[in-house]
Amino acid sequence: MTKRLLALIICFFMITPLVSQAAEQNAVGSASVGLPNQKTPEKSAYEAFTAAEFAEKLSCGMNLGNSLDVAHMLQYNLNMSLAEYEKSWGNPLIAKEQFTAIYAAGFQTVRIPVSWDEHMAADGTIKTDFLNRVQEVVDMALASGLYVIIDTHHEDWLNLDLNKQSEITARFANVWKQIAVRFQSYDERLVFEGLNEPRLKNSSYEWTGGTAELQAFVNVLNETFVTTVRGVGGKNTQRFLMVCPYCHRVEEDALRALKLPNDERLIVAVHLYEPSGFCLDANASHSWNTNTNRNELQAMEKKFSLLKKYFVSKNIPVVITEFGCMDKGNLPDRVCWTRDFIKYCHEAGISYLWWDNGGDFRILNRETGEFLYPEIVKVLTE
């Protein structure tokens, strides 16, 4: 009896360190070792999705613009705090309650535009406190159940000056490398959109489909973005990435010129404010009626036909990461326009995100978490 008891005690002390080691390995997410017939971990649901399937899940969304994408403020106060900077275009600090409200309203995705320009050192290093703040906001949004998109937004250096192409491309790669490193452990619910309306500013080509040279520059930047993010590794190897045509324009010459990098997890992002007068110009028409605005509807339909022709028909997913119409005291007209626009999105199988800048395009009261125009929200989310 004594010998059996002694043997059991010895066996116990031999096994205990192995059990503790296995528990420690599991605690840090490592695979157990030394166990026979171990199955290879299955891919996550997001890894199994194609880009088209994932883009469909983005469904309906909205932007939280004019917050982390605030720019050009250090000229007024070099010592401005991060909180002051984020609020300097008139919006309150981004808070988790805003994302809770967005998700509760039926939205699936939030785009958080980010301007990195004035938050970088002279050598291009993103300042840690700002990167921490971006991460904090992303975490809030993800915790609310939303898919999240971040980008490079108001970057003065990201002006398509062909004489500075090498310099701009190198800086662009450096910025995205730092972003990708910071978020390399985040799964595919976080999407990177490489550019925001890349164009030659203050030129006759600014708000057009661009020239062949400018379109080629955008293709270089798209390729650089994808290569850089994938090269960082981690979960960036499977992350869905958004690339765009010149200036995000839905113009045939811009769409035709877009050369997609050789990557299966890409989504084409475009912006569409159609017609521009009704959507963007406070002095243009305030009225919209499906039965009377037939010419404008035909022009809108043509835009969607181009997206289907160049991408959707080829199983290349498209997401409209900005659209909307400004408030001119014309709520019934805005609701009608939104319904017409969304109808074309649904017919084409294109997900969409309303541009909310906290100003003329806002639908969310960021102070209270209440939606100002539930009639518009209902059309967006139904």
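Residues numbered from 1 in each chain as written. Predicted model: local features only at pLDDT ≥ 70, side-chain atom pairs only at ≥ 80, totals over all residues. Heavy atoms only, no water.

### Thoughts on the overall build of the protein chain
The cut-off we apply is this: Strands are runs of DSSP state E lasting at least 2 residues, helices are runs of H or I lasting at least 4, and numbering of each runs from the N terminus. Each residue gets one of three labels from its accessible area relative to the maximum for its type: buried under 20%, exposed over 50%, partly exposed in between, using a 1.4 Å probe on protein chains only. Only heavy atoms matter for contacts: two residues are in contact if any of them lie within 4.5 Å across the pair. Here, Shrake-Rupley sampling with a 1.4 Å probe gives the accessible areas, and only protein chains in the shown set may cover a residue.
Counting its secondary structure elements, the protein chain contains 13 helices and 10 strands. Looking at the 382 residues of the protein chain, the share that counts as buried comes to 50%. Taking the contacts inside the protein chain whose residues are at least 6 apart along the sequence as the reference set, 77% of them involve residues at least 24 apart. Carbon and sulfur atoms make up 52% of the accessible area of the protein chain, which amounts to about 18,400 Å² in all.

### A closer look at unusual backbone geometry
Cis rather than trans, the peptide bond between Glu-274 and Pro-275 has omega equal to -5°. Looking at the secondary structure, you find Pro-275 in the loop between strand 6 (266-271) and helix 10 (276-280). Located in the positive-phi region is Ser-59, a residue other than glycine, with phi close to 55°. With respect to the helices, strands and loops of the structure, Ser-59 is situated in the loop between helix 3 (51-58) and strand 1 (60-63). Look at Ser-59 and you get partly exposed, because its relative accessible area is 29%. Despite not being glycine, His-248 shows a phi value in the positive range, around 60°. Within the element layout of this structure, His-248 appears in the loop between strand 5 (241-243) and helix 9 (252-257). His-248 gets classed as buried once you look at its relative accessible area, which sits at 0%.

### What to know about the side chain of Glu-274
Test applied: Positive charges come from Lys and Arg alone, negative charges from Asp and Glu alone, with His and the N- and C-terminal ends not counted. In the sections that follow, a salt bridge refers to a side-chain nitrogen of Lys or Arg positioned within 4 Å of a carboxyl oxygen of Asp or Glu.
With respect to the helices, strands and loops of the structure, Glu-274 is situated in the loop between strand 6 and helix 10. Lys-303 is the oppositely charged side chain nearest to the buried, salt-bridge-free Glu-274, at an N-O distance of 4.5 Å. Residues within four places of Glu-274 in sequence aside, it is in contact with Cys-279, Ala-299, Met-300, Lys-303 and Trp-337.

### Comments concerning the nonpolar core
To be explicit about the condition: Throughout, nonpolar core names a set of buried Ala, Val, Leu, Ile, Met, Phe, Trp, Tyr and Cys residues whose side chains join them through atoms within 4.5 Å.
Formed by 98 residues in total, the largest nonpolar core has its most connected members in Phe-99 and Phe-192. Tyr-46, Ala-55, Ile-149 and Val-191 belong to the second largest nonpolar core, which has 14 residues in total.

### Some remarks on the side chain of Ser-144
Within the element layout of this structure, Ser-144 appears in the loop between helix 6 (128-143) and strand 3 (147-151). Looking at Ser-144, the relative accessible area reads 14%, which means it is buried. Other than its neighbours up to four places away in sequence, Ser-144 contacts Lys-96, Phe-99, Thr-100 and Tyr-103.

### A word on the packing of aromatic side chains
By convention here, two paired aromatic rings are described through the distance between centres and the angle between planes. Put simply, the rule reads: Only Phe, Tyr and Trp rings are paired, with Trp represented by its six-membered ring, and only when their centres lie within 6.5 Å; those with planes under 30 degrees apart are stacked, over 60 edge-to-face, the remainder tilted. Here, a charge over a ring is recorded when the distance from Lys NZ or Arg CZ to the ring centre is within 6 Å and its angle to the ring normal is within 35 degrees.
A full pass over the atoms with the stated rule returns 18 aromatic pairs. Judged by centre distance (6.3 Å) and plane angle (35°), the rings of Phe-278 and Trp-337 are tilted. In this pair, Phe-278 is assigned in helix 10 and Trp-337 in helix 12 (residues 331-348), connecting sequence segments 59 residues apart. Neither Phe-278 nor Trp-337 differs from the other in exposure class; each is buried. A ring pair is formed by Phe-323 and Trp-354, whose centres lie 5.5 Å apart and whose planes are at 80°; its orientation type is edge-to-face. Residue Phe-323 is found in strand 7 (residues 318-323), and its partner Trp-354 is found in strand 8 (residues 351-354); the two are separated by 31 residues along the sequence. Trp-354 carries the same exposure label as Phe-323, and that label is buried. Over the aromatic face of Phe-192 sits the side chain of Arg-239, whose NZ or CZ is 4.7 Å from the ring centroid. One Lys or Arg, Lys-343, reaches over the ring of Tyr-344 and ends 4.2 Å from the middle of that ring.

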